[in-house]
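Analysis of the macromolecular model
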Amino acid sequence: PNPTVRFLNIELGESIEAEYVQAEIIDVSGVKIEMFNVAENPKIDLNIYPVSSYFLRIYDTKSMHMRLFKIIKL
């Protein structure tokens, strides 16, 4: 859900090879806060982050496709 209080769930389509998908959480100033493999960790706990807006960058290391999402942490 977005906005979220605690958890962020990342769901990939069936045609995507999850082992090649990486994600990053970036704060509004552009600093990378966390990087993780989506196949290993599709549910992110945002409880340790302060209330703010963040960006979630998801990219496929095989095809180099990238998507950027704005996340609001309440």
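I will try to describe carefully the structure that is included in this document. Residue indices begin from 1 for each chain and proceed along its sequence in written order. Given that the model is predicted, a residue must reach a pLDDT of at least 70 before its local features are reported, and side-chain atom pairs must reach 80 or more before they are shown or counted; all residues, however, enter totals for whole chains, interfaces and linings. Derived side-chain values reflect all non-hydrogen atoms in the structure, with water molecules and hydrogen atoms excluded from consideration.

**Concerning empty space enclosed by the protein**
The condition that has to hold: Using only the protein atoms, space was sampled on a 1 Å grid; points where a 1.4 Å probe fits but cannot get out form cavities, open sets with protein on both sides within 12 Å along at least five of seven lines form pockets, and lining residues are those with an atom within 4 Å of a point. Grid points are joined across faces, edges and corners, and a volume is the space filled by probe spheres set on the points. Helix and strand definitions follow DSSP, with helices as H or I runs of at least four residues and strands as E runs of at least two, each counted in order from the N terminus.
In total, this model carries one cavity of 30 Å³ or more according to the counting rule given. Approximately 40 Å³ is the volume found for the largest cavity. If you go around the largest cavity, the residues you meet are L8, I25, L46, Y54, F55, L56 and I71. Residue contributions to the lining of the largest cavity peak at three residues, all from strand β5 (residues 52-60).

**A few points about the environment of I44**
This is how the line gets drawn: For this analysis, residues touch if any pair of their heavy atoms sits within 4.5 Å.
Looking at where I44 falls in the secondary structure, it is placed in strand β4 (residues 43-45). C-alpha separation for the pair I44 and I25, spaced 19 residues apart in sequence, amounts to 9.8 Å. Residues within four places of I44 in sequence aside, it is in contact with R6, F7, L8, I10, I25 and F36.

**Details of the side chain of Q22**
We apply this condition: A simple rule labels every residue: compare its accessible area, found with a 1.4 Å probe on the protein chains alone, to the largest value its type can have, and call it buried under 20%, exposed over 50%, or partly exposed in between.
Inspection of the secondary structure assignment puts Q22 in strand β2 (residues 21-27). Q22 sits in the buried class, given a relative accessible area of 16%. The contacts of Q22, once residues within four sequence positions are left out, are M35, F36, N37, V38, R57, I58, Y59 and T61.

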